[in-house]
Amino acid sequence: RDLVAHEGLQRGYGDVETHPHPRLWKLIAHAALEDLDFPMAEKAFVRYGDYFGIKFAQQMAQMPDKMKARAEVAVFLQRFDEAEGIYREIDRKDLAISLRKRVGDYARVVQLLQTGGGNDQLAREAWDQIGNYYADRMKWKKAAQYFQLSRNVDALAECFYRTEQFADLEKLAKDLPDEAPLLYSLAKRFESVGMAEEAVTCF
């Protein structure tokens, strides 16, 4: 690292050729990516044996926009805040949102959407993913808040049932259109807890 910082990539590359080690090739590859020296990054990735890195370096070499390339390099190096900052700097909030979706950071997607950009469908998708996050961890009440925002009635019904919020479940059933597939499932759930009248209504 000291050699690359003070004497440049070429000097560092030559030194690692003399004393090769996979960790050193990886270091050279990442340093080359940061310098946007994609041919050298590709060569180092070849020596390191990283096929994904080779394809990434080749792809970046074809990218004409250097700022976008710099952002993609930051993503590759898992510096997501830096990548988002670059996208916002070049006024590409859509790419910042896409980045956060790629890494599964839907809370940040929602924050970006609230400052403008995106659409209702994207917002609902983000709320739904956050709801799934909490549901997977059995935090049903928290999940229900997000499923209400995303209008995912099937998942919302599951949350209400799990937390025994039967009054909310009944209200949900009343708001459903006739012959909605969820009505049959709700009827069976009401039946399972002895709420016969509500089950009959759903049936």
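Residues numbered from 1 in each chain as written. Predicted model: local features only at pLDDT ≥ 70, side-chain atom pairs only at ≥ 80, totals over all residues. Heavy atoms only, no water.

## A word on the overall build of the protein chain
- Tallying secondary structure elements over the protein chain gives 15 helices and zero strands in all.
- The C-alpha radius of gyration of the protein chain comes to 26 Å, more than 25% above the 17 Å expected for a compact globule of 203 residues.
- Projecting the C-alpha coordinates of the protein chain onto the three principal axes gives extents of approximately 80 × 35 × 25 Å.
- Counting all 203 residues of the protein chain, 39% fall into the buried class.
- Counting only carbon and sulfur atoms, one obtains 48% of the accessible surface of the protein chain, whose full area is about 12300 Å².
- Of the charged side chains in the protein chain, 29 are positive and 33 negative, and the gap between their average positions amounts to 4 Å. (Helix = DSSP H or I, 4+ residues; strand = E, 2+ residues; numbered from the N terminus. Rg over C-alpha atoms; globule rule 2.2 N^0.38 Å. Buried < 20%, exposed > 50% of the residue type's maximum accessible area, 1.4 Å probe, protein only. Areas by Shrake-Rupley, 256 points an atom, 1.4 Å probe, with all protein chains shown as cover. Lys, Arg positive; Asp, Glu negative; His and termini not counted. Charge placed at Lys NZ, Arg CZ, Asp CG, Glu CD.)

## Side note on the pattern of salt bridges
- Under the criterion given, the structure shown has 17 salt bridges.
- With its nearest N and O atoms 2.7 Å apart, the salt bridge here joins arginine 100 to aspartate 81. With arginine 100 in helix H8 (residues 93–102) and aspartate 81 in helix H7 (residues 80–89), this residue pair connects regions lying 19 residues apart in the sequence.
- By relative accessible area, which is 5% here, arginine 100 ends up buried.
- Looking at aspartate 81, the relative accessible area reads 61%, which means it is exposed.
- Ionic pairing is found between lysine 188 and glutamate 191, a salt bridge with its closest N-O pair at 3.4 Å. Pair noted here: lysine 188 and glutamate 191 are both in helix H14 (residues 181–192), with a separation of three residues, about one helical turn.
- Look at glutamate 191 and you get partly exposed, because its relative accessible area is 45%.
- Residues joined in a network through salt bridges with shared partners are Asp81, Glu84, Arg88, Arg100, Asp105 and Arg108. (Salt bridge = Lys/Arg side-chain N within 4 Å of Asp/Glu carboxyl O.)

## Some words on the packing of aromatic side chains
- Applying the stated criterion to the full structure yields nine aromatic pairs.
- A ring pair is formed by tyrosine 13 and tryptophan 25, whose centres lie 5.1 Å apart and whose planes are at 65°; its orientation type is edge-to-face. With tyrosine 13 in helix H2 (residues 9–18) and tryptophan 25 in helix H3 (residues 22–34), the pair connects residues that are 12 residues apart, well separated along the chain.
- Exposure remark for tryptophan 25: the relative accessible area of 3% places this residue in the buried category. (Phe/Tyr/Trp six-rings, centres within 6.5 Å; stacked < 30°, edge-to-face > 60°.)

## Describing the side chain of glutamate 72
- Tracing the backbone through its elements, the reader meets glutamate 72 in helix H6 (residues 66–76).
- There is a polar contact of 3.3 Å between the side chain of glutamate 72 and the side chain of arginine 102.
- When residues no more than four places from it in sequence are discounted, the contact partners of glutamate 72 are Phe56, Met60, Met63, Tyr87 and Arg102. (Polar contact = N/O pair within 3.5 Å; in protein donor to acceptor, adjacent residues only side chain to side chain. Contact = heavy atoms within 4.5 Å.)

## Section: unusual backbone geometry
- Although it is not a glycine, aspartate 91 adopts a positive phi angle of roughly 60°.
- By relative accessible area, which is 67% here, aspartate 91 ends up exposed.
- Phi at glutamate 164 takes a positive value of approximately 60°, unusual for a residue other than glycine.
- Tracing the sequence through the fold places glutamate 164 in the loop between helix H12 (153–162) and helix H13 (166–175).
- Since its relative accessible area comes to 60%, glutamate 164 is described here as exposed.

## Regarding helix H4 (residues 38–48)
- Within the sequence span of H4, burial applies to Phe38, Met40, Ala41, Ala44 and Phe45. Considered in projection along H4, the buried side chains sweep an arc of 155° and stay on one side of the axis.
- The opening residue of H4, the one whose side-chain oxygen lies 3.3 Å from the backbone nitrogen of methionine 40, is aspartate 37.
- In the stretch just after H4, glycine 49 is the one whose phi turns positive, near 80°. (Arc of directions from axis to C-beta.)

The values reported here are purely geometric and, on their own, carry no functional implication.
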